[in-house]
Amino acid sequence: MARRRAVAAVLTAATALSLSVACGTTSENSGQGGGDAQKSECGGPDGKYTIGMSQANVAEPYRQRMDDDIKAAAEKVPQFSVEFADAQQDNAKQVSDVENFLTKQIDLLIISPNEATPLTAVVAKAYNKGIPVIVLDRKVDGDAYTTWIGADNVEIGRTAGEYVAEQLLPNGGKIGEIRGLAGSTPAKERGDGFREGIKGKNIEIVQSVDGDWLREKGQSQADALFKAHPDIQVLYAHNDPMAEGAYLAAKAAGIEKNLKFIGIDGLPIPSGGLKAVEQGRLSATLIYPTGGKEAIDAAKKLLVDCQDVPKEQTLETQLITADNAATVYNEANS
């Protein structure tokens, strides 16, 4: 492996408090686990580096697209090889996946955590060993990582709420909500932001249910929700697959024309949210970039170019409606 930990091996506990070796990562002490968060040694353009990518799951199309984007970007950096692990929505498995990467002595960790709190300690462990850590999309607790890359989920939720209040329910009305996985940061933030967007607009969220980001569960949850609350006018789902599942539940009940559906992700693929809006199943979605390319760009700066990266990198989003869905889809695939 390209990393050399010889310096770290001879450091005593007394002298290891604030040392940084070589270049390539942020150097602030995390305060998690007492490590010194040393900078990882970078070896220039001729070095070879192994990156471990720990994915929360690949059952969501968004997460498979994230892995695909990482792979495509890494193939353009000859020094990089990437190993992927699928946690299958299992926190314990994801902890084990990261531990396995540490045993293999990877040079950099990219992780999209299944849930924040259960993954915080193992992320801090990697970081405090001197391994650069890129947290992608979902967050962990604290700041024991090198950089976080993702979009502003509170702003995304707020934009969705404002769209509902201004365009779909200008006179007020009733909404059902299908949330993502309860312990994941996007689920909380997209819910909080949405509530900010509809505040004071005479709009009531009559029930919120958990769909765990999955289309099939979104469909079953929506079916029960529609039966319990037949007066719902809008269904807000925290991602497009759950919104599509809700649409299928409504269609099976013969009520899809009475409802409006909103999702998040806007993947530029035939089965993604852009096409769902263009084809009329969803009224709107918001683009949530995978950050795969940006993660590899950051890894290259850290390992190859010996440059620092910002602690946070916020990616841009965009509201997608019938007015721009086709154009954005075509631009993304041109």
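Above: the structure in question.
For clarity, every value in this text was computed on a predicted model and none was experimentally measured.

Caption draft 1: Spatial organisation of the overall build of the protein. Within the protein, the regular secondary structure consists of 11 helices and 12 strands. Across the protein, contacts joining residues at least 24 apart in sequence account for 72% of those joining residues at least 6 apart. Within the structure as shown, the protein displays about 14,000 Å² of accessible surface, and the carbon and sulfur contribution to it stands at 48%.

Caption draft 2: Representation of the layout of surface pockets within the structure. Taken as a whole, the largest pocket spans an internal volume of roughly 660 Å³. Residue lining of the largest pocket: 28 residues in total, with R65, D69, T290, K293 and E294 positioned closest to the centre. Elements that contribute at least two residues to the lining of the largest pocket include exactly α2 (61-74), α10 (292-303) and α11 (325-332). For the lining of the largest pocket, the element with the highest residue contribution is α10, accounting for six residues. Looking at the lining of the largest pocket, its residues break down into 13 nonpolar, six polar and nine charged.

Caption draft 3: Structural view of empty space enclosed by the protein. Per the counting criterion, the structure on display carries one cavity of 30 Å³ or more. The calculated volume of the largest cavity comes to roughly 50 Å³. Along the walls of the largest cavity sit E60, Y62, R63, D137, R138, P186, R190, W213, D265 and Y288, which together make up its complete lining. When residues of the lining of the largest cavity are traced back to their parent elements, those giving at least two are α2 and α6 (185-198). Grouping the constituent residues of the lining of the largest cavity by class yields four nonpolar, no polar and six charged.

Caption draft 4: Fine view of the environment of A56. Structurally, the position occupied by A56 is in the loop between β1 (49-55) and α2. Residue class for A56 comes out buried when judged on its relative accessible area of 0%. C-alpha of A56 to C-alpha of A87: the two residues are 31 residues apart in sequence and 5.0 Å apart in space. Excluding anything up to four places from it in sequence, A56 contacts R63, D86, A87, Q88, Q89, Q94, S112, P113, N114 and R138.

Caption draft 5: How the structure looks around unusual backbone geometry. Positive phi, close to 60°, is recorded for Q89, a residue that is not glycine. Within the element layout of this structure, Q89 appears in the loop between β2 (80-86) and α3 (91-103). Of note, D265 is a non-glycine position whose phi angle comes to about 140°, a positive value. The topology assignment puts D265 in the loop between β9 (260-262) and α9 (273-278). Residue classification places D265 among the buried positions, given a relative accessible area of 5%.

Caption draft 6: Seen up close, the pattern of salt bridges. This model, assessed by the stated rule, comprises 21 salt bridges. For D137, the salt bridge is made with R138, and the minimal N-O distance between the two is 3.9 Å. Judged by relative accessible area, D137 falls into the buried class, the value being 2%. In this structure, E177 engages R195 in a salt bridge whose closest nitrogen and oxygen atoms are separated by 2.7 Å. In this pair, E177 sits in strand β6 (residues 173-179) while R195 sits in helix α6, placing the two residues 18 residues apart along the sequence. In the salt-bridge network here, residues are joined through shared partners; they are E60, R63, D137 and R138.

Caption draft 7: Expanded view of α3. With 13 residues, α3 ought to run about 18 Å at 1.5 Å a step, and its terminal C-alpha atoms sit 19 Å apart, in line with that. Check the buried side of α3 and you find it contacts β1, β2, β3 (108-112) and α4 (116-128). A side-chain oxygen of the first residue of α3 lies 2.9 Å from the backbone nitrogen of A92; this N-cap is D90. Looking at the residues trailing α3, positive phi occurs at Q105, about 60°.

Caption draft 8: Summary view of the sheet that holds strand β11 (residues 312-315). A sheet is described by the order of its strands in space; here six strands give the open sequence β2-β1-β3-β4-β5-β11, paired in parallel fashion. Since the sheet does not close on itself, it has two edges, and those belong to β2 and β11, each with one partner. Direction aside, neighbouring strands of the sheet carry axes that sit 15° apart on average. With five bridges connecting them, β1 and β3 associate as parallel partners. Of the residues in β3, the one forming a bridge with I51 is L108. Packing of α4 onto the sheet brings it into contact with β3 and β4 (133-136), and relative to β4 it is tilted by some 150°.

Criteria and thresholds
Residues numbered from 1 in each chain as written. Predicted model: local features only at pLDDT ≥ 70, side-chain atom pairs only at ≥ 80, totals over all residues. Heavy atoms only, no water. Helix = DSSP H or I, 4+ residues; strand = E, 2+ residues; numbered from the N terminus. Contact = heavy atoms within 4.5 Å. Areas by Shrake-Rupley, 256 points an atom, 1.4 Å probe, with all protein chains shown as cover. 1 Å grid on protein atoms, 1.4 Å probe; cavity = no way out; pocket = protein on both sides within 12 Å on 5 of 7 lines; lining within 4 Å. Points joined across faces, edges and corners; volume = space filled by probe spheres on them. Nonpolar A, V, L, I, M, F, W, Y, C, P; charged D, E, K, R; others polar. Buried < 20%, exposed > 50% of the residue type's maximum accessible area, 1.4 Å probe, protein only. Salt bridge = Lys/Arg side-chain N within 4 Å of Asp/Glu carboxyl O. Expected span 1.5 Å × (residues − 1). Polar contact = N/O pair within 3.5 Å; in protein donor to acceptor, adjacent residues only side chain to side chain. Pairing = 2+ DSSP bridges. Axes fitted to C-alpha atoms, helices over the stretch in contact; angles between N-to-C directions.

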